[in-house]
Structures are given as C-alpha cells and as structure tokens.
Amino acid sequence: MVHITPSTIPLLEAFERDQGCLLCYLWLKDEFQSMGFVEDNEVSMDEAFRRDVVAAAGFCNRHMHVLHRMVFSGGIPDGLGYAMYAEDTVEMFREKLQTMQSAFQESRNRSWNVLSKERTPRAVIESTAEKLEATLEGTRICEICRRMLLADARRARTLLDMLGHQDFAARFAASGRLCFPHFVTSMQMLPTRRVNRQAVATLLVETELRCLEGVGQLLAQGGRASPEMAAMMLAGVEGLYCVTKKSPSHLTGDLRQ
C-alpha cells in the first residue's frame, strides 16, 4: 500500500481530481506557486538569488510574461520583486552594451591589415554578435524553469515508486493518465527506481496506449473538446518542458546567410 507522505500526497490528490495527466496538473500548480515564491520579499531581497536571475539573463519568455500578468492583474499583491529582477537585468544588458560600444570605437580608431583579421570591422561585428547572443542566453536556465523541472523530476520518481505498489498500480491501470511527454520522462527514469521495472514498464505502456486510443476515438467522432484533449495528450500542458534558447540563431540557422 502507498504510504501517505509529503511526496505522495500531491500525486494522490491529482489522481483523485482526474483532470488529465496528473503530472501536468501538478506542473501548472507548481508554476503558480513558483510565481509567489520569486515575488516573496525574502527571496527577491536575497542577493545570491538575484545574481542567479541575472546570470540567466532574467526569466525565460514565458515566465517573464506569466509573472508580469500575475503581478499586474492582482494575482500577486506586491510587484516589487518583478521590478527588481527587471532592473537588475536591464543594468546588466546596459553594461554589456557599453563595453561593446567601446570596442566599436576602438576598432574605428586603430589600424588593421589583412594579416590581422580580428581587427577588421567585420570581425569586430561578428565578435559582438556572438557576445550579444551569449549575453541574452545567460549562463544558466531561467530560475523558475529550473525550480519546476527539479520538482517535476521528483514527482515522476515518486509516481514510479507508487506504481510499484499493487493497490495504486491497479487504480492507475483503470483510470490513470499521462501526457506523452510525461510518459517518456517516466520511462527514462524507470531504470533508476527500485521497483519491479518490467511490471511498471508494462503498466505505463498499456496505460498510454489506452489513453491514445481514447483520444483517437474522440478525434474520429469530431467532438468539440477532442482537439484540446489531443493537444494535452500529445504535448502536455502549455509550457511543459519549454526551456528554449532566447536568441533566434538556433531557429534561423543558415537563413541569415
């Protein structure tokens, strides 16, 4: 029988709510709680945490906008933290640009020749572009993303351990649901868990096939809710695992040539 612990309680609650993928339900809940966490006065005044935010060049696109909406829609009463994070990041960008501006001026004022390619105007511009991309990317991922990914991984490991108990495994086989991304995550983590891995793997695959077949039938029937259910099943909840680069180079590639 699954023991009631601080780790299993959220998963049991999500399972009882039966609102689709239980890990997606907890992902969204954790995102909401993370907004409050970073806006907490004690956290936003912590210099070490603020340095981490600056090292990530602020928050990612999604979380910058989600945080802004929550602060200025009244979801979070005090927007001081948001303003401080933004101010810190703006100052970092400004300092970087000033340094690059000085490099531009120096390149115009000094001589160069074909044997010193690094001094050519083109070389200076290319170097600046690379530095700008590195500045925008930062040296670590968005702190909210990092917090959520760690929590999501812990929940996936806990779920696998719970599926090792026959009582919960039977309930999950009957009505459990995982989106495909979370199904993949669970299968990737399974080899590290101390459970009957073959039994749990079989359960996960059979459950996922049941879910996919159900969504497929709804799509064939053309129900109004079926497209949304398909999106949730195939991609997970909006924003799931969307830790992407901020700069466009990885998207455009050779299109800039």
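Assigned secondary structure in the chain consists of 13 helices and zero strands. Along the chain direction, N to C, the helices and strands of the chain fall in the order α-α-α-α-α-α-α-α-α-α-α-α-α. Taking all 257 residues of the chain together, the buried fraction comes to 39%. Pairs at least 24 residues apart make up 75% of the contacts formed inside the chain by residues separated by at least 6 positions. For the chain, the computed accessible surface area is about 15600 Å², with 56% contributed by carbon and sulfur atoms.

On to the confidence of the model for the chain. For the chain, per-residue confidence averages 87 on the pLDDT scale, and residues scoring 70 or more make up 88% of the total. Segment residues 251-257: pLDDT under 50, and one contact once partners within four positions in sequence are set aside and those in other chains are kept.

Evaluated as defined, the whole model comprises twelve salt bridges. Salt-bridge contacts for Arg177 lead to Asp18; the nearest nitrogen and oxygen are separated by 2.6 Å. Pair noted here: Arg177 is in the loop between helix 9 (166-175) and helix 10 (180-189) and Asp18 is in the loop between helix 1 (8-17) and helix 2 (22-39), with a separation of 159 residues, a long-range link. Taking relative accessible area as the criterion, Arg177 reaches 27% and is therefore assigned partly exposed.

The next point concerns the packing of aromatic side chains. Counted according to the given criterion, the structure contains nine aromatic pairs. For the pair Trp27 and Tyr241, a centre-to-centre distance of 5.7 Å together with 90° between the ring planes defines the contact as edge-to-face. Of the two residues, Trp27 is situated in helix 2 and Tyr241 in the loop between helix 12 (226-235) and helix 13 (249-252); the sequence distance between them amounts to 214 residues. Looking at Tyr241, the relative accessible area reads 28%, which means it is partly exposed.

A few words on empty space enclosed by the protein. Under the counting rule described, the total for this entry stands at one cavity of 30 Å³ or more. By volume, the largest cavity is sized at about 60 Å³. The wall of the largest cavity is formed by Trp27, Cys60, Arg62, His63, Cys145, Gly239, Tyr241, Cys242 and Val243. Split into classes, the residues belonging to the lining of the largest cavity amount to six nonpolar, two polar and one charged.

This next bit is on the side chain of Ser34. Here Ser34 shows up in helix 2. By relative accessible area, which is 0% here, Ser34 ends up buried. In this structure Ser34 touches Ile144, Arg147 and Met148, once residues within four positions along its chain are discounted.

Our focus in this paragraph is the environment of Asp88. With respect to the secondary-structure elements, Asp88 resides in helix 6 (residues 80-109). C-alpha of Asp88 to C-alpha of Val53: the two residues are 35 residues apart in sequence and 8.6 Å apart in space. Every residue in contact with Asp88, bar those within four places of it in the chain, is listed here: Arg50 and Val54. Separated by 2.8 Å, the side chains of Asp88 and Arg50 make a polar contact.

Residue placement: Ala230 occurs in helix 12. Overall, Ala230 belongs to the buried group, its relative accessible area being 8%. Ala230 sits 18 residues away from Leu212 along the chain, and the two C-alpha atoms are 8.6 Å apart. Setting aside chain neighbours within four positions, we find Ala230 in contact with Val215 and Leu219.

Take the packing of helix 8 (residues 143-163) against helix 10 next. Viewed as axis vectors pointing N to C, helix 8 and helix 10 meet at an angle of 70°, and their least axial separation amounts to 10 Å. By the angle between their directions, the pair helix 8 and helix 10 is classed as roughly perpendicular. Both helix 8 and helix 10 take part in a crossing whose hand is right-handed. Note on element contacts: helix 10 touches helix 8 through His182, Thr185, Ser186 and Met189, opposite Asp152, Ala153, Ala156, Arg157 and Leu160.

Definitions and limits used
Residues numbered from 1 in each chain as written. Predicted model: local features only at pLDDT ≥ 70, side-chain atom pairs only at ≥ 80, totals over all residues. Heavy atoms only, no water. Helix = DSSP H or I, 4+ residues; strand = E, 2+ residues; numbered from the N terminus. Buried < 20%, exposed > 50% of the residue type's maximum accessible area, 1.4 Å probe, protein only. Contact = heavy atoms within 4.5 Å. Areas by Shrake-Rupley, 256 points an atom, 1.4 Å probe, with all protein chains shown as cover. pLDDT = per-residue confidence, 0-100. Salt bridge = Lys/Arg side-chain N within 4 Å of Asp/Glu carboxyl O. Phe/Tyr/Trp six-rings, centres within 6.5 Å; stacked < 30°, edge-to-face > 60°. 1 Å grid on protein atoms, 1.4 Å probe; cavity = no way out; pocket = protein on both sides within 12 Å on 5 of 7 lines; lining within 4 Å. Points joined across faces, edges and corners; volume = space filled by probe spheres on them. Nonpolar A, V, L, I, M, F, W, Y, C, P; charged D, E, K, R; others polar. Polar contact = N/O pair within 3.5 Å; in protein donor to acceptor, adjacent residues only side chain to side chain. Axes fitted to C-alpha atoms, helices over the stretch in contact; angles between N-to-C directions. Parallel < 35°, antiparallel > 145°, perpendicular 65-115°, else oblique. Left-handed = near helix turned anticlockwise from the far one by under 90°.

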